[in-house]
Amino acid sequence: MALGVAELAAALLGDGRAAPVFAIGGSVIDATPRWLKEWAIRSFGTNDKTVLVGSIVVVLVLLALLTGMLAVGNRRVGLAGVAVLSVVGAVSATTRPGADLRDALPSLLGGLGGAAALLALLRPLRARSDVDTSPTQVGPRPPPFGVSSRDRAAAYLANTDRGGASYDRRAFLLTSVGAVAVGAVAGAAGRSALTKRLDVGASRAAVVLPAPTSPAAPLPPGTDLGLPGLSPFRTSNRDFYRIDTALLVPQLSTTDWRLRVHGMVDREIELDYAALLARGVIERDVTLTCVSNEVGGSLVGSARWLGAPLADLLRDAGVRPGADQLLSRSVDGMMIGTPTEVVMDGRDALLAVAMNGEPLPTRHGFPVRMVVPGLYGYVSATKWVVDLELTRFVDTQAYWVERGWALRGPIKTMTRIDTPDGRQQLRAGRVAVAGVAWAQHRGIEQVEVRVDRGAWQQARLASVPSTDTWRQWVLAWDATPGEHVIEARATDATGTPQPQQETDPFPSGATGWPNRTVNVA
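First, a word on scope: everything that follows refers to the structure included in this document. (Residues numbered from 1 in each chain as written. Predicted model: local features only at pLDDT ≥ 70, side-chain atom pairs only at ≥ 80, totals over all residues. Heavy atoms only, no water.)

So, about the pairing of strand β17 (residues 482-492). Bridging between strand β13 (residues 444-451) and β17 involves 7 bridges; their strand directions are antiparallel. Each residue of the ladder has a partner; that of arginine 450, found in β17, is glutamate 487. (Pairing = 2+ DSSP bridges. Helix = DSSP H or I, 4+ residues; strand = E, 2+ residues; numbered from the N terminus.)

Okay, structure coming up:
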């Protein structure tokens, strides 16, 4: 009941982020130790948010059960438990970025609904009229003598169910069903109202993407090797990884979107969506990588992006000397710090509006996000971006830097083995060992493969349109029967090889050679 009422209130009063589950979830994300976050990403991947929300609901249900049990003995204790849970939700909601005191209302109203449900459920727990209340008889009537002990116990319990220590079962069940129904209807109504009010599907469908002033170069022949099991050169929007802290995907229409550029600039700039598109857009293939990606991991993807050049906008604002950080903010309050010099050094840093030929999906930042080649996403790829502030690293720390991650986040040289799959048995003979390698904004010069710690063999590299994308590679291996360990390493265009020593992603990205154990029949 409490969650349903709070969900409805959050939908009517705001954008849904103040609902207790999402508010508490955001606070849990902020307070979760780094090692636990890394474990969640390793274990659940892009389903980590679903698992978190489900876990919070389970914990709240268990706490509700405990509250109800305590309330049977002392209703004041039960009501105090409801109040504590309500206050926890309210505090979580009001301490989120961009929140105000109004965001406490959904949790507080939900607490009132929960308290009402608790009192209603306690009402049937009363003595019934069939209890013998004579001075010589206290409690339920005993069963007659001359019956077995088992029957006597059953009769005693039956009498107890109808006696002074019992409850009105029918009234309790009806109240329970009613409370569940009211809570479910309130929650469903709130979610439906929120979805209809905030759904930006119509806004996204109405977007007419302008022709790029600088189209992406056609992919050169041999860019995609087309091998079974090998990641395609361009990742579909549906399969593109998503790692962020937004439990509830922000819904921002093109009509409501505004971008403010301010801070250490000569002149402030504010743009709406139409003005951003009117500046002219360019099209580029760029591979993005999450800093949490482990050796051989899947938190990397390549797409064709369409967007306004970010450096041009900053030049128009006039970046002042000493402004070494571009602090970008999402509509949900996330802050990411990007080195200003990287944005301005000539690479294709974008305020992207489209991904693989269509307006950005909401889960990937619609209507506008940042794309900066060569940097891990935690310092460059702000989704739902609405604010750009020129500042200094010494003055302001962004969200992830506050939590110990490296300040600048350049992407490290890395490769991954996609095929063969170690879970299936191979047949002896010629086998394609293939994968992808990346060193964004430097490019991949070479990939080598070895089997069972033998000699390194140079793989054949696919073509690439630029140094800002990953590169496919393949090696023909004459597989012999038995168990084999395949390893790979890449070298970037500066001649720097991929380090052998395996390290964790924290604080600046993982290192190590990927390996795969296969069995050949």
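Considering all chains together, one arrives at 9 aromatic pairs under this definition. An angle of 90° between the planes, with centres 5.4 Å apart, marks the rings of tryptophan 39 and phenylalanine 44 as edge-to-face. Here tryptophan 39 falls in the partly exposed class, since its relative accessible area comes to 39%. Phenylalanine 44 gets classed as partly exposed once you look at its relative accessible area, which sits at 31%. Their ring planes at 85° and their centres at 6.0 Å tell us that phenylalanine 240 and tryptophan 305 sit as a pair that is edge-to-face. With a gap of 65 residues between them, phenylalanine 240 in the loop between α9 (201-205) and β1 (258-263) and tryptophan 305 in strand β4 (residues 300-309) connect regions that are remote in the sequence. Given a relative accessible area of 3%, phenylalanine 240 falls into the buried group. What makes tryptophan 305 buried here is its relative accessible area of 0%. By way of ring pairs, the aromatic residues Phe240, Tyr241 and Trp305 are connected into one cluster. (Phe/Tyr/Trp six-rings, centres within 6.5 Å; stacked < 30°, edge-to-face > 60°. Buried < 20%, exposed > 50% of the residue type's maximum accessible area, 1.4 Å probe, protein only.)

Read from one edge to the other, the open sheet built from 4 strands follows the order β11-β12-β16-β15, with strand pairing classed as antiparallel. This sheet does not close on itself; its edge strands, each paired only once, are β11 (414-419) and β15 (460-461). Both β11 and strand β12 (residues 429-438) contribute to a ladder of 5 bridges, which runs antiparallel. Note that in β12 the partner of isoleucine 417 across the bridge is glycine 435.

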